[in-house]
Amino acid sequence: MTKSVSVFCPTLHNYGGGEFVAIALANTLAQNNYDVHFFTTKPVNQKTIKDFFGETLHPKIKSVTQPTNLNVKGILGFYQTIFRSYIAKSKTTLFIDPYSNCIFPWTNVCYIHFPTLNHYTYHNHFPYLLSPHHTEVGALPQVILEKNLANYNNKLVLANSHYTAHEIEVFSGKKVPVLYPPFTSSIQNISPKEKQNLVVTTSRFEQNKKLENIPKIAAKTNSNIKFAIIGRLYDKTTLDRLQIQTKKLKVNDRVKFYPDLPVTQKLELLASAKIYLHTMIGEHFGISIVEAMASGCIPISHNSGGVVEFVPPENRYETTEQAAHKINSIIADWSENKTIEPKQIAEQFSIKNFSQKFMELFSKYET
């Protein structure tokens, strides 16, 4: 008998790395003859998915819309997620959650991008009711759900990196397998471009991405090097501050911003760039880096988080001065042969490899 599976991703319309993981999981299961239901808050737009990711949801997948008039975050958003995920679970035999980063009692398979319960926010014991932080107190039901009612032995919990897997083990004591996320197929549809003295960053425009370091780095690099910052306009205040900063540092002629750029133009800029610069500290994995490497960019990233698992040590930095020095050196000593290694590393994270490893893990879980 064909087994029915729910894949839960309310934010499919955001079209990010996490959303592509959900699509890849759903497609893999559909291709292996599972009856897949995909739960999201807005109707699925196959054309937009195709334009952004290079492929669509498998035609056998049944999309289920859970509409909402509430755009809530924080604790209220968490409780809304609990309710929706429970409803999704009730519709099918197996429930797969690549969205919430929580392990609910009714979850069968959970893909963790970074655990919501972790030592950066919470202590390992139970001081929550005494905490002055309302966020921690309000999340007490989540702690009870995950630490007392969720039986890990009956679940398949996957981490997107060894960095994330370690954080899960530190907080919960549970060792989980690593399944690296895939990069999008859309990269393969872009024709090769002549490489320019261009450094590209793709990121949401929000505060914790450390994008303010890019103008600082640009100010320390040679004047023939240009920078492009591409990303979803998540926080306009962040973009406004960055634009003011580039003017103060007198690099506004070399640092350009591209909010909400169409995906084809983003990929063309990546194909034209020699370097990809990643500024976030403690990145949980960094699929945007992998996408850039697949496009032939040499990565320069902060020496922290899951990034260290695939970016070579010589391409990692601790300070803005080190980043600028590496960028100057790579541009000065550039050759087309230098794109070979990044592309080879990126190939490990193909959707084919992702699907194959997921089915190996999933098949063992089912038996």
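Above this note sits the structure.
In this report, the structure presented in the accompanying data block is examined. Note that the structure is a prediction, hence the values are computed from the model and not measured. (Residues numbered from 1 in each chain as written. Predicted model: local features only at pLDDT ≥ 70, side-chain atom pairs only at ≥ 80, totals over all residues. Heavy atoms only, no water.)

**Observations concerning the sheet that holds strand E9 (residues 255-259)**
Basically, it comes down to this: A pair of strands counts as paired when DSSP detects no fewer than two bridges linking them. Helix and strand definitions here come from DSSP, where helices need a minimum of 4 consecutive H or I residues and strands a minimum of 2 consecutive E residues; each element is numbered from the N-terminal end. Note on contacts: a residue pair is in contact if any heavy atoms of the two residues lie within 4.5 Å. Note on definitions: angles span 0 to 180 degrees between N-to-C directions of axes, and those axes are lines fitted to C-alpha atoms, for helices only across the stretch in contact.
Pairing is parallel across the open sheet formed by 6 strands, whose spatial order is E9-E8-E7-E10-E11-E12. Each of the sheet's edge strands pairs with one partner strand only, and the pair in question is E9 and strand E12 (316-317). Here strand E8 (residues 226-231) runs beside E9; their pairing, made up of 5 bridges, is parallel. Residue pairing in the sheet places Ile230 in a bridge with Tyr258 of E9. Packed on one face of the sheet, helix H10 (residues 287-294) meets strand E7 (196-202), strand E10 (273-278) and strand E11 (298-302) and runs near 170° to E10.

**Some points on the sheet that holds strand E6 (residues 156-159)**
If you trace the 6 strands from one edge of the open sheet to the other, you get E3-E2-E1-E4-E5-E6, paired in parallel fashion. Unpaired on one side and paired on the other, strand E3 (62-65) and E6 mark the two borders of the sheet. Each strand of the sheet is rotated relative to its neighbour by a mean of 20°, with strand direction disregarded. The sheet contact formed by strand E5 (residues 109-112) and E6 spans 4 bridges and is parallel. The residue bridging Val109 from the neighbouring strand is Leu156, located in E6. Sheet contacts for helix H13 (residues 351-366): strand E4 (94-97), E5 and E6; angle to E6, the most-contacted strand, approximately 155°.

**Details of empty space enclosed by the protein**
As a reminder, the rule being used: Cavity: a set of points on a 1 Å grid over the protein atoms alone where a 1.4 Å probe fits but cannot get out. Pocket: an open set with protein on both sides within 12 Å along at least five of seven lines, its lining residues, like those of a cavity, having an atom within 4 Å of a point. Grid points are joined across faces, edges and corners, and a volume is the space filled by probe spheres set on the points. By the convention adopted, Pro, Cys, Tyr, Trp, Phe, Met, Ile, Leu, Val and Ala count as nonpolar, Lys, Arg, Asp and Glu as charged, and the other residues, Gly among them, as polar.
For the structure shown, the criterion picks out 1 cavity of 30 Å³ or more. Roughly 30 Å³ of internal volume is contained in the largest cavity. The wall of the largest cavity is formed by Leu12, His13, Tyr15, Lys42, Pro43, Val44 and Asn45. Split by residue class, the lining of the largest cavity holds 4 nonpolar, 2 polar and 1 charged.

**A short note on the environment of Ala332**
For Ala332, the location among the structural elements is in helix H11 (residues 320-332). Along the sequence, Ala332 and Asn197 sit 135 residues apart, while their C-alpha atoms lie 9.4 Å from each other.

**Some remarks on H11**
The criterion, for reference: What a helix is expected to span follows from its residue count: subtract one and scale by 1.5 Å. Burial classes follow relative accessibility: with a 1.4 Å probe on protein chains only, a residue under 20% of its type's maximum area counts as buried, one over 50% as exposed, and anything between as partly exposed. Taken from the helix axis, the directions to the C-beta atoms give the arc we talk about.
Taking 1.5 Å per residue, 13 residues should reach 18 Å; H11 reaches 18 Å between its end C-alpha atoms and fits that length. The set of residues buried in H11 consists of Thr320, Ala323, Ala324, Ile327, Asn328, Ile330 and Ile331. Viewed end-on, H11 has its buried residues packed into an arc of 170°, placing them on one side of the element. Opposite the buried face of H11, at more than 90 degrees from it, the exposed residues are His325 and Ala332. Tucked into the core, H11 has its buried residues touching E7, helix H7 (213-219), E8, E10, E11 and E12.

**A short note on the packing of aromatic side chains**
Convention followed: Side-chain rings of Phe, Tyr and Trp, where Trp is taken by its six-membered ring, are said to pair if the distance between their centres is within 6.5 Å; with planes under 30 degrees apart they count as stacked, over 60 as edge-to-face, and otherwise as tilted. Criterion for a charge above a ring: Lys NZ or Arg CZ within 6 Å of the ring centre, and within 35 degrees of the ring normal.
Applying the stated criterion across every chain yields a total of 18 aromatic pairs. Considering the side-chain rings of Tyr86 and Trp106, the 5.1 Å spacing of their centres and the 80° angle between planes classify their relative orientation as edge-to-face. Taken together, the residues Tyr86 in helix H3 (residues 74-91) and Trp106 in the loop between E4 and E5 connect sequence positions 20 residues apart. Each ring, one from Tyr180 and one from Phe349, has its centre 5.2 Å from the other, and the planes form 85°; the classification is edge-to-face. Residue Tyr180 is located in the loop between helix H6 (162-172) and E7, and its partner Phe349 is located in the loop between helix H12 (340-347) and H13; the two are separated by 169 residues in the primary sequence. The ring of Tyr234 carries Arg204 above its face, with NZ or CZ at 5.9 Å from the centroid.

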